[in-house]
Amino acid sequence: MATKRPSEMSTETNGNKKGKEVRVWMDGCFDIVHFGHANALRQGKSMGDKLFVGVHSDEEITMHKGPPVFNQEERYRMVRAIKWVDEVIESAPYVTTLDTMDEYNIDFCVHGDDITTTADGQDTYQMVKDAGRYKECRRTQGVSTSDIVGRMLLVTKCHHHKGDNSSLDKHQTGEISSTAAGFNGSDSFSPWTGVSQFLPTTQKIIQFSEGREPNPGDTIVYCAGAFDLFHVGHLDFLEQAAKLGNFLIVGLHTDQVVNRYKGANFPIMNLHERTLSILACKYVDEVVIGAPYTVTKDLMEHFKVDVVVHGKTPIMDDVEGNDPYECPRSLGKFRQIESDNDMTTQVIIDRIIKNRLLYEKRNKEKAQKENKIYESLQKQNQEA
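Residues numbered from 1 in each chain as written. Predicted model: local features only at pLDDT ≥ 70, side-chain atom pairs only at ≥ 80, totals over all residues. Heavy atoms only, no water.

Asks: Before we go on, may I ask you to explain the overall build of the protein in this structure?
Replies: Along its length, the protein carries 15 helices and 10 strands. Once local pairs closer than 6 in sequence are excluded, the contacts in the protein between residues at least 24 apart make up 79%. Taken as a whole, the protein presents about 17,800 Å² of accessible surface, with 48% of it coming from carbon and sulfur. (Helix = DSSP H or I, 4+ residues; strand = E, 2+ residues; numbered from the N terminus. Contact = heavy atoms within 4.5 Å. Areas by Shrake-Rupley, 256 points an atom, 1.4 Å probe, with all protein chains shown as cover.)

Asks: Help me understand the sheet that holds strand 10 (residues 334–336), please; the structure alone is not making it clear to me.
Replies: The pairing of strands in a sheet happens through backbone hydrogen bonds and is either parallel or antiparallel. One open sheet accounts for five strands, arranged 8-7-6-9-10; its pairing is parallel. What marks the edges here is a single partner per strand, and that holds for strand 8 (286–289) and strand 10. Put simply, the sheet's adjacent strands are angled 25° from each other on average, direction ignored. Pairing analysis gives six bridges linking strand 6 (residues 220–225) to strand 7 (residues 247–252), with the strands arranged parallel. What sits directly across from Tyr222, in strand 7, is Ile249. (Pairing = 2+ DSSP bridges. Axes fitted to C-alpha atoms, helices over the stretch in contact; angles between N-to-C directions.)

Asks: For this particular structure, what's the right way to read helix 3 (residues 72–80)?
Replies: Helical periodicity: at 3.6 residues per turn, an α-helix aligns residues three or four positions apart in one direction. The complete set of buried residues in helix 3 reads Glu74, Arg75, Tyr76, Met78 and Val79. The backbone nitrogen of Glu73 has a side-chain oxygen 3.1 Å away, supplied by the residue at the start of helix 3, namely Asn71. (Buried < 20%, exposed > 50% of the residue type's maximum accessible area, 1.4 Å probe, protein only. Polar contact = N/O pair within 3.5 Å; in protein donor to acceptor, adjacent residues only side chain to side chain.)

Asks: Would you take a moment to explain the state of the cysteines for this structure?
Replies: Within this structure, the stated rule accounts for zero disulfides. In this model Cys109 remains outside any disulfide bridge; the closest cysteine sulfur is found in Cys137, 9.6 Å from its own. The buried category is assigned to Cys109, whose relative accessible area is 0%. No disulfide involves Cys223; its sulfur sits 9.9 Å from the nearest other cysteine sulfur, which is in Cys281. Using a relative accessible area of 1% as the deciding quantity, one classes Cys223 as buried. (Disulfide = S-S within 2.5 Å.)

Asks: Before we go on, may I ask you to explain the sheet that holds strand 3 (residues 87–90) in this structure?
Replies: Strand order across the open sheet formed by five strands is 3-2-1-4-5, with parallel pairing between neighbours. The open sheet has two free edges, formed respectively by strand 3 and strand 5 (134–137), since each of these has just one partner strand. Pairs of neighbouring strands in the sheet enclose a mean axial angle of 30°, with direction left out of account. Bridge analysis of strand 2 (residues 50–55) against strand 3 gives four bridges, and the strand direction is parallel. Its bridge partner lying in strand 3, Phe52 is registered against Glu87. The strands touched by helix 1 (residues 35–46) within the sheet are strand 1 (23–28), strand 2, strand 4 (108–112) and strand 5, with strand 2 carrying the most contacts at an inclination of about 140°.

Asks: When you look at the pattern of salt bridges in this model, what are you seeing that I'm missing?
Replies: Proximity of charged atoms lets side chains of opposite charge pair with each other. Scanning all chains against the criterion turns up 13 salt bridges. Measuring nitrogen to oxygen at the nearest pair gives 3.0 Å for the salt bridge that ties Arg80 to Glu90. A residue pair is termed long-range when its members are at least 10 positions apart, and Arg80 in helix 3 and Glu90 in strand 3 qualify at 10 residues. Overall, the relative accessible area of 37% leaves Glu90 in the partly exposed class. (Salt bridge = Lys/Arg side-chain N within 4 Å of Asp/Glu carboxyl O.)

Asks: Got a minute to help me understand the nonpolar core in this structure?
Replies: For soluble globular proteins, the rule of thumb is that nonpolar side chains tend to be buried together. In this structure, Met152, Leu238, Leu248, Val250 and Ile278 are the most contacted members of the largest nonpolar core, which totals 65 residues. The element contributing the most residues to this core is helix 9 (residues 232–242), with six residues. Those residues in contact with Met152, other than ones at most four positions away along the chain, are Ile32, Leu229, Asn265, Ile268, Ile348, Ile349 and Ile352. Counting residues in each nonpolar core, the second largest holds 15 residues, with Ala224, Ile249, Met300 and Val305 among its members. (Core = buried A, V, L, I, M, F, W, Y, C linked by side-chain atoms within 4.5 Å.)

Asks: Where do I start with the environment of Phe303 in this structure?
Replies: Tracing the chain through its elements places Phe303 in the loop between helix 12 (297–302) and strand 9 (307–310). Non-local contacts of Phe303, meaning those with residues more than four positions away in its chain, are made with Ile220, Ile249 and Val288.

Asks: Looking at this model, I keep getting lost on the side chain of His111. Mind explaining?
Replies: Considering the arrangement of structural elements, one finds His111 in strand 4. Not counting residues within four places of it along the chain, the set of residues in contact with His111 comprises Thr116, Tyr125, Tyr134, Lys135, Glu136 and Cys137.

Asks: Could you clarify how one ought to interpret the packing of helix 3 against helix 9 in this entry?
Replies: Geometry of a packed helix pair, given as the angle between the helix axes and the separation of the axes. Two elements in contact, helix 3 and helix 9, have axes separated by 10 Å at closest approach and are oriented at 45°. Judged on the interaxial angle alone, helix 9 and helix 3 are oblique. For the crossing formed where helix 3 meets helix 9, the hand is left-handed. Taking contact as the criterion, the partners of Glu74, Arg77 and Met78 in helix 3 are, on helix 9, Val232, Leu235 and Asp236. (Parallel < 35°, antiparallel > 145°, perpendicular 65-115°, else oblique. Left-handed = near helix turned anticlockwise from the far one by under 90°.)

Asks: Just checking my understanding: could you explain the packing of aromatic side chains for this structure?
Replies: Each aromatic ring pair is specified by the distance between its two centres and by the angle formed by the two planes. For the structure shown, the criterion picks out seven aromatic pairs. Note on Tyr125 and Tyr134: the rings are 5.8 Å apart at their centroids and 45° apart in plane angle, and the pair reads as tilted. A single burial state applies to Tyr125 and to Tyr134, both of which are buried. Seen in terms of ring centroids, Phe227 and Phe237 are 6.4 Å apart; in terms of plane orientation they differ by 40°. Their pairing is tilted. On the criterion of sequence distance, the pair formed by Phe227 in the loop between strand 6 and helix 9 and Phe237 in helix 9 is long-range, its members being 10 residues apart. Of the two residues, Phe227 and Phe237, neither departs from the other in class, the shared state being buried. Counting every residue linked through ring pairs, the aromatic cluster contains Trp25, Phe52 and Tyr104. Sitting above the plane of the Phe266 ring, Lys262 keeps its charged end 5.9 Å from the centroid. In this structure, Arg329 packs its charged tip against the face of Phe334, placed 4.3 Å from the ring centre. (Phe/Tyr/Trp six-rings, centres within 6.5 Å; stacked < 30°, edge-to-face > 60°. Lys NZ or Arg CZ within 6 Å of the ring centre and 35° of its normal.)

Note that all results are geometric; they support no functional claim without further evidence.
In structure tokens form, the structure reads like this:
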């Protein structure tokens, strides 16, 4: 019988160990789900026992922000795969209401310390704030959907991790600051969702990790790749891979290796960002950060790998012209599986390019609106 993963088991009470179950509400667009979204949900879950996540419909997002990159069905599935989420509420209203919270018997709503506004500039959480049913968590610095979209449009590589200060220098000199300002050099710069350097720490990795090891007798499955812009195609593949055993290890290739076999400005998200995105997936038990491109006998013995899995996408030879999966093939431990999903990172980029002007306009207006609110708040604080 397969051992259940911790994310599949009931969790210990966080908010009140002996009393009433504490039910927490969080909502959002969750477009291009990234580790910033996952970190917010992790913090929200830590404040209670059960986390309900409302995901807005395409119609609501288009009305208030502009067209989303992913459709609502894709976004619902992505949020359900985050290991801290207990229940997803589809087509949640863009403005969080007390009626919605009461319908699901919610104790309080949680949101990051940035501002979310409607099309006319009103705070979407004002009602729950006024009712005293609102709490804040810290927004994850160094990532936003606007920034990620900007990387795709600008075709830069300055987000890659190079092991030195080169990428940081480019952020400091303003080389890519236009991503948060509509990708056109606008003076408007959001203090919340503007570009800032993501600085990974061991604490952040520990917070995302399950922290468990395989049990004796567990079947250990290994797969490796870029897993760039974590999407529903990756999700379907990992779900199927996890079914082949009890413990799934994902190897993430370095930015330089990914760039060798994908070219252009790939990967869109650097190694550290991709690590957290994968760790947030409920099907994944462990991540090898900077895994070798070739799956060697040493690697398989070290992790006691029983099955090595790859999708049906073409496999590029290693730098010496050899099959990187030669060892697991020779041992009879190699499996190829079909995810039955045609989503790829390139498909996402094609969607962005197709609607480039709309996304530029959306992000520019978002930055201007947030900057205006921020200046107003600063003025109020000075007057107080």
